[in-house]
Every structure is written in structure tokens, then in C-alpha cells.
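Residue strings, one per chain:
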Amino acid sequence: MNQHETPLFTGLKKHRDRNPVQFHIPGHKGGRGMDEEFRSFIGDNALSIDLINIQPLDDLHHPQGMIKEAQELAAEAFGADYTFFSVQGTSGAIMTMIMSVCQPGDKIIVPRNVHKSVTTAIIFSGAKPVFIHPELDDRFGISHGITTEAVKKACEAHPDAKGLLVINPTYFGVSADLKGIVDLAHSFDIPVLVDEAHGVHIHFHERLPMSAMQAGADMASTSVHKLGGSLTQSSVLNMKEGLVSHERVQAVLSMLHTTSTSYILLASLDAARRHLAINGHELMENAIQLADQAREKLNQIPAIFCPGADILSPSAAIDYDPTKLIISVKNLGMTGYDVEVWLRENYTIEVELSDLYNILCIITPGDSMQEINTLVQALHHLTDLCRTQEEVIPASVKVPDIPVLALSPREAFYSTTETIPLKEAAGRISAEFVMVYPPGIPIFIPGEIITADNIDYIFENMEAGLPVQGPIDDTLETIQVIREQKAFK
């Protein structure tokens, strides 16, 4: 196949050039029927390909033409047997993976540090999660991957599981032994589903962790928009035929997708695939070199630490993505969230995420040394300010324990509930999600027994200013729990 071609993007431009009379949606008709200021800002070129699935432009729900060709090119580029475009983001692709292998009552093995889309899919499918503890890095207060030993124990205890979900790499760029995990799960005939949201680029450079398709995984949901150059909300679902049927995947994906698919997003996937396939190695090489320079400069700043290969461990952190800058700020006596706010207000810098102990900055082909120098200058300035304060007591690092699952998430989600104060909820069964987002790691999911320790953890995060989300009551004063049945007298 010719990776220089963009059948979808090129086809849209050719259709635009025909200048057809449009008696179909979208109603703005190439921008002529919309607000003039917005039209001018977006531009006529973009609006001219904001089209709908009319016959000449193919249909994402049943691709036979230019979309099919674009997806086949993407499959070749990513080393997959099949690639499906997603305009529902990687969240939609993750839900598709789980619902393609799980029916109501089926078990699925998942790490605890999963994105909220995983728990949403578990509710939709009626599956029962079997959680694996990810490896904890006490230095940074973050979770890494899952170990092959933990996977082996889970598979031996639950050989009837219909799937194993793995995060590769994690939000912080750390990868476990994915190939070993895949081989182990396959020995039990359990398909491996990979949340590859933060790893679209890793397939294109040997210094980056092994990609899901390289490791032989069955499916991988990959955010092309995050690090691959497509527009926000556009992703791909890569798969290898064998333990999973591509017809089943297409059917589930079609159920979850809007019927008004965005051709601007689809075209951006087509073009991003071309850019990665042709220039990916060079692009990643430049980004890696830039990140290496940034890490060296950051580690020259007192009280700041940005790990590289020293973050690795022999079990669940065997490789890492150097373009992810994990910047530990706990020795400044500030939370990561406080540092994020300070950078925004004083240097107009926006970071990828912050938590109690770190900020995370990502380096992509869109960066230059100018941005790196601004970040280094800002953190030098902040460190100088913090030196005038009293000596800092190092923060203690902890993560919440995994509560006991009393009901399946689906049963809990659809149960009769009542509202009680969160501070009084210990011992009750949660009917809601509670998570720190980003990155969306659950503290409670529906069906789990609420513990006093995890209530304390929630309030600790709130006091630090971190965004705890999930409950209907966004003040977190109350929480929905399963209504208890009272005995009749």
C-alpha cells in the first residue's frame, strides 16, 4: 500500500471541488448559513469538508469506499489486521473493546488505575471486574503497570475471564512487560485489550515502549489526537484477528457511534496516519532529543526532579516514554496542583496534569527549545521563591486501597439509591463513581463498599485543590448509596 495516499482527505477535497448543490445537512451549507464571526475564524476550507455520510463519501458505520481504504492504510501503518476510526474518542474505542468480548455476568480482568471509560463499559456490558493492583511508585505517588506475576495469579484464579485489559503505556509514560502479559493471557485463551490512549507514537521509534500491535495484543484503543497530530476526539481501534471477531467489533462500534460522523475528524485521522507512517521516526527522534535536553535542564534545578530511566523497575515498569516529563515538586512544599496554578498565572504555561506531588508535561513534534526554556525558567523562578520559606517536610505518598465489590457495577448503577452525607457513608455500598480526574482513577465505583480511609483520601485531595469528580453532588458533601432493605415487623 502507498502510505503517501490519503483516500479520505483527498476524496473530501475532490467532492468539495465539484461544488455540488447541497440539499442535505449540515445546515450551515459550507458556512454560508452560520454566524459570520465564527465562520471567519474557522475558515472556509474546514467548513467545506464538514459534510455528512452521503453516498459518494462512504459511511463509517458500513465502510465500503474511501473510509475503508483509509482504515486499511492505517492498519498497515500500525501493524494491525484491522483498524477502525473512532470519532467518539478513545473512550468510545475502549467501550467497544470491552463490549465486544463481554456479555452480562462475564468476568474481565482490569488494573485498578483504569480510565473511567473502562468502568462505564463494564456497566454497559454487565461484566464483573476482577481488579489487579498496579505497581505503586512511592517516590512519586503514581501507579505503574501490572506485573506478569499478578496477571498469572488472576488468570489462574479466573480462567473463564473473557478479557484482560492492560494500560500501555500509562498516563505517565511507563510500560510493563506487555509482550509477556500478552503471551501469558493467550495461554489461557484470554484476549488482551490495551488502553493505548497515550501511545500512538510509540509504534514509530525503537527507543519508545513496545506498541500493543507489536506485542501481539488482540485490540488496542489509541488516541491519535493526543500525540499523533489528528484533531481532538479522533482515535483508532486497532485489532488482530483471532480471539476476537472484527465483525463483532464493527457492530459494537456502530452501536456506540453517532450516525452524524464528523468528516473533519475522519480526514484528520487519514492525514495524521500519513504523517506518522512517512515521517514518524524522524518526528519522534526530534521529540525524544528535545525531551532529553529538557530533562537534563530540569534536573539542574534545586528541589525539582524529573526521572528518566531511573523510574524503571524489573516487574511493572520495564520501559518508559522519555517524551513524558514527570516533574516531582513535592520538595518545594507545594502540591502539583499549586504549581500548575502558579505556572498558569505567572508564565501562561499549561501542563498536562497535576496531582499531589507532580506535574506532567508532554513533549511532541509540535514543541521547540523555546517552550522548554520557558518551562525551565519558570521552575527556576518558583524554586527561588520557595527557598525563602521554612524547611519543607517531605510529603508522604499514598494511594487509596481498592474497596470490596459487593454488587456488580451494573446492578449497583440500576439499584434504588438514597443520598447520605459522605462523611457518614463508611460501610455503605456506593452507587456512584468517585475519582480524581485527571487521570480518572476510581476511588469508588458503583457496587463497592465505602471505607473510612478512602473517605479521608477524598477529602485530602479536595483540600489540596485537586478535581475530585463523579458524584451528582459536585460539592461532595453527599453521595448516592444503595438503599438498604428494612425488615418488616
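It should be noted that the structure appears before, not after, this text.
In this report, the structure presented in the accompanying data block is examined. Everything numeric in this text was worked out from a predicted model, so none of it was measured. (Residues numbered from 1 in each chain as written. Predicted model: local features only at pLDDT ≥ 70, side-chain atom pairs only at ≥ 80, totals over all residues. Heavy atoms only, no water.)

**Considering the pairing of strand E12 (residues 324–328)**
- With respect to burial, E12 is a largely interior element, five of its five residues being buried.
- Residues Lys324, Ile326 and Ser328 of E12 are buried on one face, and the alternating residues Leu325 and Ile327, pointing to the opposite face, are buried as well.
- Here five bridges tie E12 to strand E14 (residues 358–362), and the two strands are oriented antiparallel to one another. Bridge pairing links Leu325 to Cys361 in E14. (Buried < 20%, exposed > 50% of the residue type's maximum accessible area, 1.4 Å probe, protein only. Helix = DSSP H or I, 4+ residues; strand = E, 2+ residues; numbered from the N terminus. Pairing = 2+ DSSP bridges.)

**A word on the sheet that holds strand E16 (residues 434–436)**
- Pairing in this open sheet of three strands is antiparallel, and the strands run E17-E16-E18 from one edge to the other. Looking along the sheet, the strands with just one partner apiece sit at the ends: strand E17 (441–444) and strand E18 (468–469).
- Note: E16 against E17, three bridges, orientation antiparallel. Opposite Met435, over in E17, you have Pro442 as the bridge partner.

**Let's talk about the nonpolar core**
- Within the largest apolar cluster, 32 residues are counted, with the highest numbers of intra-cluster contacts made by Leu8, Leu12, Leu57, Phe78, Phe85, Tyr263 and Leu266.
- For this core, the elements supplying multiple residues, two or more each, are helix H1 (7–18), helix H4 (66–78), helix H9 (224–227) and helix H11 (263–298).
- The contact partners of Leu8, leaving out residues within four places of it in the chain, are Met66, Ile67, Ala70, Phe85, Tyr263, Leu266, Ala267 and Asp270.
- One finds Leu165, Leu237, Val244 and Met435 within the second-largest nonpolar core, a separate group that totals 29 residues. (Core = buried A, V, L, I, M, F, W, Y, C linked by side-chain atoms within 4.5 Å. Contact = heavy atoms within 4.5 Å.)

**Here's the deal with the packing of aromatic side chains**
- Per the stated rule, a full pass over the model turns up five aromatic pairs.
- The interplanar angle of 15° and the centroid separation of 6.0 Å between the aromatic rings of Phe140 and Phe305 together place this pair among those described as stacked. Of this pair, Phe140 sits in the loop between strand E4 (136–137) and strand E5 (142–143) while Phe305 sits in the loop between H11 and strand E11 (319–320), and the two are 165 residues apart along the sequence.
- Given the relative accessible area of 32%, Phe305 is considered partly exposed.
- Measuring from centroid to centroid gives 5.1 Å for Phe413 and Tyr414, while their planes differ by 90°, and the two rings are edge-to-face.
- Tyr414 sits in the exposed class, given a relative accessible area of 56%.
- Sitting above the plane of the Phe131 ring, Arg112 keeps its charged end 4.6 Å from the centroid.
- Residue placement shows Lys423 over the ring face of Phe459; its charged tip is 5.6 Å from the ring centre. (Phe/Tyr/Trp six-rings, centres within 6.5 Å; stacked < 30°, edge-to-face > 60°. Lys NZ or Arg CZ within 6 Å of the ring centre and 35° of its normal.)

**Quick word on the environment of Ala309**
- Along the chain, the position of Ala309 falls in the loop between H11 and E11.
- The spatial distance from the C-alpha of Ala309 to the C-alpha of Tyr320 is 7.2 Å, given a sequence separation of eleven residues.

Read these as geometric descriptors, not functional statements.
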